[in-house]
Amino acid sequence: QVQLVESGGGLVQPGGSLRLSCTASGTMFRRYTMGWYRQAPGKQRELVASIGSDAGTGYASSVKGRFTISRDNPNNKAYLQMNDLKPEDTAVYYCHADAGLYAAWGQGTQVTVSS
């Protein structure tokens, strides 16, 4: 089973930027589809962005053009660069790894966008 650890959350003003990082254990990282999800209070967890083993990406319409997902296979890392943050982006952000036969979640990192 893969273990995931997120970092990079925090408090930022509207219009600001943050970069989230996700570090995975094991040796099969390059085969995983990696995703970033978020969950705001009282709302369901939603997919924000994903990147496949072929580096193909997908984004939720609410973040397209502002967020960028990327991966660094040699270092077992996935990133979410978040620009032009808005108060509605406030949520706990979770890293997700889909290995086909199994999946894993990170523990989450809080992102708060507020002035």
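An account of the accompanying structure is given in this report. (Residues numbered from 1 in each chain as written. Predicted model: local features only at pLDDT ≥ 70, side-chain atom pairs only at ≥ 80, totals over all residues. Heavy atoms only, no water.)

Quick word on the overall build of the protein chain
On a plain count of helices and strands, the protein chain comes out with zero helices and 11 strands. Starting at the N terminus and walking to the C terminus, you meet the elements of the protein chain as β-β-β-β-β-β-β-β-β-β-β. Here the protein chain has a C-alpha radius of gyration of 13 Å; the compact-globule value for 115 residues is 13 Å, and the two agree. When the backbone C-alpha atoms are referred to their principal axes, the protein chain occupies close to 40 × 25 × 20 Å. Counting all 115 residues of the protein chain, 41% fall into the buried class. For the protein chain, contacts bridging at least 24 residues in sequence account for 53% of all contacts bridging at least 6. Accessible surface, the protein chain as shown: approximately 6100 Å² in total, 47% of it carbon and sulfur. The centroid of the 11 positive side-chain charges in the protein chain is displaced by 3 Å from the centroid of its 8 negative side-chain charges. (Helix = DSSP H or I, 4+ residues; strand = E, 2+ residues; numbered from the N terminus. Rg over C-alpha atoms; globule rule 2.2 N^0.38 Å. Buried < 20%, exposed > 50% of the residue type's maximum accessible area, 1.4 Å probe, protein only. Contact = heavy atoms within 4.5 Å. Areas by Shrake-Rupley, 256 points an atom, 1.4 Å probe, with all protein chains shown as cover. Lys, Arg positive; Asp, Glu negative; His and termini not counted. Charge placed at Lys NZ, Arg CZ, Asp CG, Glu CD.)

Let's talk about the sheet that holds strand β7 (residues 67-72)
The four strands lie next to each other as β1-β3-β8-β7, forming an open sheet whose pairing is antiparallel. For this open sheet the edge positions go to β1 (4-7) and β7, each flanked by a neighbour on one side alone. Between one strand and the next, the sheet's axes are offset by a mean angle of 15°, whatever the strand orientation. In the sheet, strand β3 (residues 18-24) pairs with strand β8 (residues 77-82) via six bridges, with the strands oriented antiparallel. Looking at the pairing, Cys 22 lines up with Ala 78 of β8. (Pairing = 2+ DSSP bridges. Axes fitted to C-alpha atoms, helices over the stretch in contact; angles between N-to-C directions.)

So, the state of the cysteines
In this structure the tally under the stated criterion is one disulfide. Disulfide partner of Cys 22: Cys 95, at an S-S distance of 2.0 Å. Measuring the twist about the S-S bond at about -80°, one finds the Cys 22-Cys 95 disulfide to be left-handed. Residue Cys 22 is found in strand β3, and its partner Cys 95 is found in strand β9 (residues 91-98); the two are separated by 73 residues along the sequence. An identical accessibility class is assigned to Cys 22 and Cys 95; each is buried. (Disulfide = S-S within 2.5 Å.)

Here's the deal with the pairing of strand β4 (residues 33-39)
Counting buried residues in β4 gives five out of seven residues, a clear majority hidden from the surface. With seven bridges connecting them, β4 and β9 associate as antiparallel partners. Its bridge partner being in β9, Trp 36 is matched across the sheet by Cys 95. Strand direction decides the pairing type here: β4 and strand β5 (residues 46-51), joined by five bridges, are antiparallel. Bridge assignment links Trp 36 to a residue of β5, and that residue is Ala 49. Between β4 and β5, which pair antiparallel in sequence order, lie six residues; one of them, Gly 42, sits at a positive phi of approximately 80°.

Observations concerning unusual backbone geometry
Most peptide bonds are trans, and most residues other than glycine sit at a negative phi. The residue Ala 55 is not glycine, and still its phi comes out positive at about 75°. Among the structural elements, Ala 55 can be located in the loop between β5 and β6 (57-59). In this structure, Asp 84 takes a positive phi of about 50° despite not being glycine. Of note, Asp 84 is situated in the loop between β8 and β9. Residue classification places Asp 84 among the partly exposed positions, given a relative accessible area of 39%.

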